[in-house]
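A closer look at the structure
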Amino acid sequence: MTGNQGGSRTSRGMKRSLNGRILKHTTLNILMLVVVCCVIMAFSMQSLAKSILLDSLQPMARQSAKTMEANIHMLADRMMTIAADSRMNTATSVNGAEGEGTLRSDDELIKENRMAVLEEAAEIYELYTIALYDLDGGLVLGIEDAPESLDGSFFGLLKETDNLTTDSSTIFQGKLGIRMGMPVKENGETVLYVVGVYKYDTINDVISSINLGKTGMAYMVNEEGIVTGHPDQSLALNKSTLVQLSGGNGNAAERVTTGETGATEYPVDGKQMLVAFSPIRGTQWSLVIQIPKSDYNGLINGAMMVSVLATMAVLVISMLLVLRLASSISNPVKSVTGRMVALSNGDLHTEVTPVYSGDELEVMTQTLDATLESVNRYISDIQQVLTRVADGDLRTEPQVDYKGDFALIRSSLCTITGFMNEKNLGFRLAAARLAEM
């Protein structure tokens, strides 16, 4: 009984050990696989998202710059229309009695006609001011507090190009506006310059409409890297620089101010920014679109979290399946182990619990059952032979076919009976001689 209990304890220990080892190693392998896959997926998603966003932002910046170009070209067309107005250089008086127009040169009437053109433009278009300037940049005629003279850089560029010119700065009398100049020609020669300052709303509408992510924005800078348009207008009024907005990234600032179209990534105040930029053709400005990477990392992290939770759920299910598989392996092993322990304690009659798994476990239980049957057969045959010998039948022989190394038992039994027969024959011969004597 003690032996059986010891064998049972051994079986329980084997079961716990086998199940635990299978579950431990399987769980460890799955966890390692999950961790490796999650790390690879995280880096892949981050890299893919960055690549897709940068590739998408670049054409978006170019398209937004084209929209800005279209608005500025519309303003330029208006300025060209004003400069090309025939009333700028001629005067037409109407004879009330005749009702016929007569053309005559009259400085006073020309001035009145020019003023009428400027007033109509100021009324129709969104202008802070509009004025006419002579070839030296002095004010000739203007409305709404027009400057008395043009500054050097803008006026110099206007004279140099002798065509429509847009000022690189957007600050006008403490407000934001777009200053444009156009030569007024007479007989192909420039005689005056018409300069108007459009209200900033035309640009601000486009900039404010570019909303990407939660905190993404667009702004403009000129060739000197000074901000000329921003959703926060105070930055443009204070002449903030692109280097300041880019966190001191001089390389990116240089690419923007040289009129390049592209996209890049750099940190600003500890945050990674995805930035795309494109020049606004026909001006000295470039449009910059800036999006914090964290706006999209939230979506990526959310997808990662869902993936991790789904993986953990699959891991739990896998562990249950593995535990079931381990039990299906360990239970037959436990049964076979218990039967072998009982065999070691001399139990040759308890049956082996059959297993129908179709694998090595079934073969193992069948082999153990066949082994016990053979041992019982051999022992029974040995018992019969020895019983007959004890009853005096020395002619008996083993009736079972001993296989393998068990054939030595048959040989030993035959040797014993043969030896006893020889001894018995010797005793008979000795008895016969004694009788004769």
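The numbering scheme is per chain: residues are counted from 1 as the chain's sequence reads. With the structure being a predicted model, the display of local features is reserved for residues of pLDDT at least 70 and the display and counting of side-chain atom pairs for 80 or more, all residues being used for whole-chain, interface and lining totals. Excluding hydrogens and water, the side-chain figures rest on all heavy atoms present in the structure.

**Remarks on the pattern of salt bridges**
Our working rule: Salt bridges are identified by distance alone: a Lys or Arg side-chain nitrogen within 4 Å of an Asp or Glu carboxyl oxygen. Think of it in three bands: with a 1.4 Å probe and only protein chains considered, a residue is buried below 20% of the maximum accessible area for its type, exposed above 50%, and partly exposed in between. Numbered from the N terminus, helices here are DSSP runs of H or I no shorter than four residues, and strands are runs of E no shorter than two.
Applying the stated criterion to the full structure yields eight salt bridges. Here Arg 62 and Glu 69 are joined by a salt bridge, their closest N and O atoms 3.1 Å apart. When its relative accessible area of 16% is taken as the criterion, Arg 62 is described as buried. For the salt bridge of Glu 120 with Arg 87, the shortest nitrogen-to-oxygen distance reads 2.9 Å. Here Glu 120 is found in helix α2 (residues 107–124), whereas its partner Arg 87 is found in the loop between α1 (2–83) and β1 (91–94), with 33 residues between them in sequence. By relative accessible area, Glu 120 is classed as partly exposed at 35%. A network of salt bridges, in which partner residues are shared, links Asp 85, Arg 87 and Glu 120.

**Considering the side chain of Thr 165**
Spelled out, the test is: Any pair of nitrogen or oxygen atoms within 3.5 Å is treated as a polar contact; in protein, a donor-acceptor pairing is required on top of that, and neighbouring residues in sequence qualify only through side-chain atoms on both sides.
With respect to the helices and strands, Thr 165 occurs in strand β5 (residues 165–166). Judged by its relative accessible area of 4%, Thr 165 is buried. For Thr 165, the side chain forms a polar contact with the side chain of Thr 161, separated by 2.9 Å. A polar contact is formed between the side chain of Thr 165 and the backbone oxygen of Asn 163, at a distance of 3.1 Å.

**A short note on the packing of aromatic side chains**
Applied cut-off: Two aromatic rings, drawn from Phe, Tyr or Trp (for Trp, its six-membered ring), form a pair once their centres lie within 6.5 Å of each other, and the interplanar angle then sorts them: stacked below 30 degrees, edge-to-face above 60, tilted otherwise. For a Lys NZ or an Arg CZ to count as sitting over a ring, it must be within 6 Å of the ring centre and within 35 degrees of the ring normal.
Within this structure, the stated rule accounts for two aromatic pairs. Geometrically, the ring pair formed by Phe 155 and Tyr 193 is edge-to-face, given 5.8 Å between the ring centres and 90° between the ring planes. With Phe 155 in helix α3 (residues 152–161) and Tyr 193 in strand β8 (residues 189–199), this residue pair connects regions lying 38 residues apart in the sequence. Positioned over the ring face of Phe 154 is Arg 179, at 4.6 Å from the centre of the ring.

**Overview of the sheet that holds strand β9 (residues 217–222)**
Worth spelling out the cut-off: Should DSSP find at least two bridges between two strands, the strands are regarded as paired. Lines fitted to the C-alpha atoms define the axes, with helices restricted to the stretch that makes contact. Angles between their N-to-C directions range from 0 to 180 degrees.
Taking strand neighbours across the sheet as the criterion, the five strands line up as β10-β9-β13-β12-β11 in an open arrangement whose pairing is antiparallel. This sheet does not close on itself; its edge strands, each paired only once, are β10 (227–229) and β11 (262–268). Pairs of neighbouring strands in the sheet enclose a mean axial angle of 35°, with direction left out of account. When β11 meets strand β12 (residues 271–280), the two strands line up antiparallel, connected through seven bridges. The partner of Thr 264 across the bridge, within β12, is Val 275.

**Remarks on the nonpolar core**
Just so we agree on the cut-off: We define the nonpolar core as a collection of buried residues of types Ala, Val, Leu, Ile, Met, Phe, Trp, Tyr and Cys that are connected through side-chain atoms lying within 4.5 Å of one another. Every residue pair with non-hydrogen atoms within 4.5 Å of one another is taken to be in contact.
Grouped together as the largest cluster of nonpolar side chains are 61 residues, with contacts concentrated most on Met 68 and Val 194. By residue number, the principal contributor to this core is α1, which donates twelve residues. Sequence-distant contacts of Met 68, that is, excluding residues within four places in its chain, are made with Ile 203, Val 206, Ile 207, Met 220, Ile 280 and Leu 287. Counting nine residues, the second largest nonpolar core, distinct from the first, contains Ala 131, Tyr 133, Ala 146 and Tyr 193.

**Side note on the packing of helix α9 (residues 360–390) against helix α10 (residues 407–436)**
The line we're drawing: Every angle not falling under 35 degrees, over 145, or within 65 to 115 is termed oblique; those three ranges are roughly parallel, roughly antiparallel and roughly perpendicular.
Between α9 and α10, the least distance of the axes is 11 Å, while the angle of their chain directions is 5°. The angle between α9 and α10 falls in the class roughly parallel. Residues Ile 382, Val 385, Leu 386 and Val 389 of α9 lie in contact with α10, whose contacting residues are Ile 409, Leu 413, Thr 417 and Met 420.

**With respect to the packing of helix α8 (residues 294–344) against α9**
This is how the line gets drawn: Helix crossings fall into two classes, left-handed where the near helix is turned counterclockwise from the far one by less than a right angle and right-handed where it is turned clockwise.
Axis separation between α8 and α9 bottoms out at 10 Å; the angle between their running directions is 15°. Between α8 and α9, the interaxial angle falls into the category roughly parallel. The crossing of α8 and α9 is left-handed. Between α8, through Ser 328, Ile 329, Pro 332, Val 333, Val 336, Arg 339, Met 340 and Leu 343, and α9, the contact on the second element is made entirely by Leu 361, Met 364, Thr 365, Leu 368 and Leu 372.

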